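# Structural description and commentary
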Amino acid sequence: MRLSGEPESLLELTTAHLNSGLRGVPVGTCRTSFVTPDEGVHYCGYPIGELAMLAPEDVIYLLYNKELPTLEQSVSFRKDLQSRGAIPPGIEEVLASLPRNGHPMDWLSIGIHTLGMLSGTGNWSDDALNLTAQMPRLMGLIFRYREGRTEGIPDDDLNLPLVGRFTHTLDLQDVDKAVMNRILSTYLVLHMDHGGGNLSTFAGKAVASGHASVFASLAGAMNALSGPLHGRANQSCFEFVKRIGTSDPAEVERFVRGELEAKRPVFGFGHAVLRSEDPRAAAQFALGEEICPDDEYFRTIRVLREVAPRVLSENPKIRNPNANVDIASGTLLNFVGLSKAEYYTTFFGWARVAGIGAQIIDERTVMRGGKGVPIYRPKYIAEEQSLRHLD
Ligand code: CMX
């Protein structure tokens, strides 16, 4: 059945597109990023491999302004973020009341919502930048309250870079904060944006299209990200690496084959769009070789990176047997002292606040000559039962 045949249509819709989660159906344009099969995600035209080692502040500037900052612009943007970063005191009372065994992603969503109630301005651009600047302190407080470390929380230091403010609030003893900051900076840059149609970005923009606040929209995006088929895959990936428990190539191969025989996914491999190794994986492997080449889990993933693609390639229906972004991120976070995998998706969420926030501003204030994209309203076709009353 043909559903549309506009002369300029990008796609001829058929019944095969129905109930497919809008897969492949063009719905709009994206100004911040796109994904290609060979080079993966690009931010404003730059392949991610070229941006991986930049400071998060400069990449946030890129996503908002569509060009990398000059030195002067970079300094002034950091000052602007500093002026926006203070979070209202009421947030701690709310965090103190949340169930400690609740998932950190639920805490993050509630935290963002609360920030909106306490400090929202109603201006798209200000609210998105304010939340971006508030995130490090919120993240640090979530860790501290969830773990009951509520005594002696250092005051926020707004002069620090974004990542430094998080590690300062977290204030873990016996860790190398400089290395932790480096790993987290790269993690944030690699995860900030991924095109317009991934579930959390789409959900956030859909909520914003009804003119809900930036905070409500981003809280909705975090709820979408929290699912095990979406953002929570990075938690599963590190749990998977820990289960392997060896870096002996023959043992690793036996493990991978066993997982496939048991019909379980080989985590950290495969991709819906990419057809070669994800440059975000390559960037994290390069960092790991520098920072933790002898770490037991890093040795495991180094072997897995060689073995798994060979084994997965034996199955012709697997379109990309290579490593994806999740293969190494948990191992690196664990190495720097962030060992609880249940938190890994919150770092993903923290990073995405920048990309989704920038996309929301584009959809609300730039698209359609500044009028903004109208409220989302895709068409659903009535099924037979729902037409019975017409008989
Ligand atoms: N392990 C086992 N089976 C895999 C596989 C893997 N790593 N990658 C693909 N397959 C299977 C698929 O499940 C699918 O099987 P069915 O036909 O029985 O449904 C078949 O191979 C074809 O899949 P595909 O077209 O190559 O890939 P999809 O777009 O369907 O799936 C993905 C992509 C990421 C969900 C899949 O590769 C996967 O499950 N990987 C493991 C989990 C993982 O690492 N997730 C993190 C993704 C990170 C990211 O998206 O950036």
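Residues numbered from 1 in each chain as written. Predicted model: local features only at pLDDT ≥ 70, side-chain atom pairs only at ≥ 80, totals over all residues. Heavy atoms only, no water.

Enumeration over the complete set of coordinates arrives at 20 salt bridges. Here lysine 340 ties to glutamate 147 by a salt bridge, and the two come within 3.5 Å at their closest N and O atoms. Here lysine 340, found in the loop between helix H15 (326–335) and helix H16 (344–366), pairs with glutamate 147, found in the loop between helix H6 (124–146) and helix H7 (162–170); they are 193 residues apart in sequence, far enough to count as distant. Taking relative accessible area as the criterion, lysine 340 reaches 41% and is therefore assigned partly exposed. Note that arginine 254 and glutamate 251 form a salt bridge whose closest N and O atoms lie 2.6 Å from each other. Of this pair, arginine 254 and glutamate 251 both sit in helix H12 (residues 249–261), three residues apart, which is roughly one turn of the helix. Overall, glutamate 251 belongs to the partly exposed group, its relative accessible area being 35%. Salt bridges sharing common partners tie together Glu253, Arg257, Arg310 and Glu314. (Salt bridge = Lys/Arg side-chain N within 4 Å of Asp/Glu carboxyl O. Helix = DSSP H or I, 4+ residues; strand = E, 2+ residues; numbered from the N terminus. Buried < 20%, exposed > 50% of the residue type's maximum accessible area, 1.4 Å probe, protein only.)

One can find serine 217 in helix H10 (residues 214–225). The class for serine 217 is buried, based on a relative accessible area of 0%. Apart from the residues lying within four places of it in its own chain, the contact partners of serine 217 are Gly204, Val207, Ala208, Ala212 and Ile360. (Contact = heavy atoms within 4.5 Å.)

Entries for the protein in the domain assignment read domain 1 (43–231 + 340–370) and domain 2 (235–335). Computed over C-alpha atoms only, the centres of domain 1 and domain 2 are separated by 27 Å. On the domain 2 side, the residues contacting the 20 residues of domain 1 number 18 residues. Contact between domain 1 and domain 2 buries roughly 1,600 Å² in total, counting both sides, with carbon and sulfur atoms accounting for 71%. Our enumeration of links across domain 1 and domain 2 arrives at one salt bridge. Here glutamate 290 ties to arginine 182 by a salt bridge, and the two come within 2.8 Å at their closest N and O atoms. Between the two partners, domain 1 and domain 2, sit four residue pairs in polar contact (both at pLDDT 80 or more). Elements supplying a minimum of two residues to the side of domain 1 that touches domain 2: helix H1 (48–51), helix H8 (177–191) and H16. Top element by residues in the side of domain 1 that touches domain 2 is H8. It accounts for eight residues. (Domains from an automatic or database assignment. Buried area = accessible area lost by both parts, 1.4 Å probe. Polar contact = N/O pair within 3.5 Å; in protein donor to acceptor, adjacent residues only side chain to side chain.)

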